[in-house]
Amino acid sequence: MSGEAARLGVDLYPHVKTHRTMEYAQLQIDSGARGLTVAKLSEAEAFIDGGFRELLMAYPIAGEAKIRRAVDLTSRAHLRLTVDSLEAASALSGAFAEVGRRAEVMLAVDTGSHREGLAPTDVPAFVRQLVMLPGIEFRGILTHEGHVYTVEDPAAREAVAHVVGDLMAQLAAELAEQGTPAEIVSTGTSPTATQAARPGVTEIRPGSYAFYDATHLRLGAVGIERCAVRVLATVVSHPAPDRALIDAGSKALGADVLRNWRDGDPWRHGIVIGRPGWDLYQLSEEHGWLRWIGGGTPTPLAIGETLQVLPVHVCAVFHIMGSSYAVEDARLVGHWSSQARDRSQ
Ligand SMILES: Cc1ncc(COP(=O)(O)O)c(C=O)c1O
């Protein structure tokens, strides 16, 4: 991804909520990432404590206590903040002006996911007000085009990403025209990270690309060879030839269901690697439920055998498991704890 970012001339700010692990973040920086993206202030705190100094919190900040923490953190590292309301921006401005500084602020834009962010048509007028606030330094605009995950056809998904990137570039042009330039134009989500980086976009923030997962495989965004995360699970029960249980339930694999999963489709909760025909169709807290859908006589599993599961949502797995084994060329290179694992505040 860092090679692609360099080729496209954009800065890579990987979203480290995916792994919440200092060592992986360092690998990302070492391979060319310019800084790190976080969702929460407590994640920012953990990564700043871990020595990282270039961060973007791509999540709206609001509330007095959080703003006080942001004032403190921005004195220790270069941390951009995100707003999408005048209420939050005014409170932020007041707190920073009080200490004689300005908060570096990105404005969130809703380009179709309908989560946070201003409607694009409201952006120019909002920025005119934003730049009047004494404690704010307007740095740019960002969007999270998460709606691309709902588009199954790769060509249609690429077209959506182009619309997003072009819309952000167009907004930046309008902002420059009115004299309130957006120096940074930031997009980001893994399946379309490079496709949304249209001319005018300056920064991308993919997160799950660092490992990819069954969601990306199912979308056809990547092949299995790019999916780097596995949950190792043991077969603990095989009560019938066509049924078995593994010791990885929702407390290991997360509760996410494969996106676009439809009744009757396999792999609702993850893909059992190298065991075609065995479908991980249900999870309870501690159990993964396997059923045989391969036709003919089921391939037997051995009690005690280790299976590799490609999870549905890699970010949830890191958060739940709290540590990971890093393997390179079949060699163990690290056993790393996700130090920012409990940082969701
Ligand atoms: C604001 C923001 N930026 C970037 C990302 C990274 O997206 P992905 O996990 O698709 O790489 C996310 C993911 O939720 C996000 O919310």
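Up top you'll find the structure we're talking about.
Report follows, based on the coordinates. (Residues numbered from 1 in each chain as written. Predicted model: local features only at pLDDT ≥ 70, side-chain atom pairs only at ≥ 80, totals over all residues. Heavy atoms only, no water.)

Concerning a nonpolar patch on the surface
Taken together, Tyr-325, Val-327 and Leu-332 make up a surface patch of nonpolar side chains, about 350 Å² in accessible area. Tracing the sequence through the fold places Leu-332 in strand β16 (residues 331-337). Residue class for Leu-332 comes out exposed when judged on its relative accessible area of 54%. (Patch = residues over 30% accessible without salt bridge, like charges linked within 9 Å, V, L, I, M, F, W, Y side chains within 5 Å. Areas by Shrake-Rupley, 256 points an atom, 1.4 Å probe, with all protein chains shown as cover. Salt bridge = Lys/Arg side-chain N within 4 Å of Asp/Glu carboxyl O. Helix = DSSP H or I, 4+ residues; strand = E, 2+ residues; numbered from the N terminus. Buried < 20%, exposed > 50% of the residue type's maximum accessible area, 1.4 Å probe, protein only.)

A closer look at helix α6 (residues 123-130)
Every buried residue of α6 is listed here: Val-123, Pro-124, Phe-126, Val-127 and Leu-130. Down the axis of α6, the buried side of the element spans an arc of 160°, and every buried residue falls inside it. Looking at the buried residues of α6, the elements they touch are β4 (78-83), α5 (86-98), β5 (103-108), β6 (136-142) and α7 (154-177). (Arc of directions from axis to C-beta. Contact = heavy atoms within 4.5 Å.)

A look at the sheet that holds β5
Pairing is parallel across the open sheet formed by eight strands, whose spatial order is β1-β8-β7-β6-β5-β4-β3-β2. Two strands bound the open sheet, and with one partner strand each, they are β1 (11-12) and β2 (36-38). With two bridges connecting them, β1 and strand β8 (residues 203-204) associate as parallel partners. Bridge pairing in β8 places Leu-12 opposite Ile-204. Along the sheet, α7 makes contact with β6 and β7 (184-187), crossing β6 at roughly 150°. (Pairing = 2+ DSSP bridges. Axes fitted to C-alpha atoms, helices over the stretch in contact; angles between N-to-C directions.)

Things to note about the environment of Tyr-59
Here Tyr-59 is to be found in strand β3 (residues 54-60). Remark: the alpha-carbon pair of Tyr-59 and Thr-82, spanning 23 residues in sequence, is separated by 5.7 Å.

A short note on the side chain of Ser-338
By the secondary structure assignment, Ser-338 is in the segment after β16. Residue classification places Ser-338 among the buried positions, given a relative accessible area of 4%. For Ser-338, the side chain forms a polar contact with the side chain of Thr-21, separated by 3.0 Å. If we skip the residues at most four places from it in the chain, Ser-338 touches His-19, Arg-20, Thr-21, Phe-318, Gly-322 and Ser-323. (Polar contact = N/O pair within 3.5 Å; in protein donor to acceptor, adjacent residues only side chain to side chain.)

A closer look at the pairing of strand β10 (residues 243-246)
Burial along β10 is one-sided: the residues Ala-244 and Ile-246 are buried and none of Arg-243 and Leu-245 is. Note: strand β9 (residues 231-240) against β10, three bridges, orientation antiparallel. Counterpart to Ser-237 in the pairing with β10 is Leu-245. With four bridges joining them, β10 and strand β13 (residues 288-292) adopt antiparallel strand pairing. Across the sheet, residue Ala-244 finds its bridge partner in β13, namely Leu-290.

A word on the site of the ligand
Near the ligand you find 13 residues, and of these Arg-115, Tyr-149, Thr-189, Ser-190 and Gly-207 are the closest. Lys-17 is positioned such that a nitrogen or oxygen atom in its side chain is 3.3 Å from an oxygen atom of the ligand. Take Ser-208: an N or O atom from its side chain is 3.0 Å from an oxygen atom of the ligand. Burial of the ligand by the protein chains amounts to 92% of its free accessible area of 390 Å². Considering only residue class, the shell around the ligand consists of three nonpolar, seven polar and three charged. (Near = heavy atom within 4 Å. Nonpolar A, V, L, I, M, F, W, Y, C, P; charged D, E, K, R; others polar.)

Quick word on the environment of Arg-262
Within the secondary structure layout, Arg-262 lies in the loop between α9 (250-253) and β11 (271-272). Under the relative-accessibility criterion, Arg-262 is labelled partly exposed at 44%. A polar atom in the side chain of Arg-262 sits 2.6 Å from the side chain of Glu-152.

A closer look at the sheet that holds strand β12 (residues 278-283)
Taken together, the six strands give an open sheet; going across it, the order is β11-β14-β9-β10-β13-β12, and neighbouring strands pair in antiparallel fashion. Of all the strands in the sheet, the pair left with one neighbour each is β11 and β12. Pairing analysis gives five bridges linking β12 to β13, with the strands arranged antiparallel. Each residue of the ladder has a partner; that of Asp-279, found in β13, is Arg-291.

Let's talk about the pattern of salt bridges
The final tally for this structure, using the stated rule, is 18 salt bridges. Residue Arg-34 pairs with Asp-11 through a salt bridge whose shortest N-O separation is 2.8 Å. Of this pair, Arg-34 sits in the loop between α2 (22-30) and β2 while Asp-11 sits in strand β1, and the two are 23 residues apart along the sequence. Given the relative accessible area of 28%, Asp-11 is considered partly exposed. Across the pair Arg-20 and Glu-43 runs a salt bridge, and its minimum N-O distance is 2.8 Å. Residue Arg-20 is found in the loop between β1 and α2, and its partner Glu-43 is found in helix α3 (residues 41-49); the two are separated by 23 residues along the sequence. The pair Arg-20 / Glu-43 is uniform in exposure class, with both members buried.

Focus on α2
Every buried residue of α2 is accounted for by Met-22, Tyr-24, Ala-25 and Gln-28. Along the long axis of α2, the arc covered by the buried residues comes to 165°, so they all point the same way. Of the surrounding secondary structure, the elements contacted by the buried residues of α2 are β2, α3, α10 (314-321), β15 (323-328) and β16. Gly-32 occupies a position one or two residues after α2 and carries a positive phi of about 125°.

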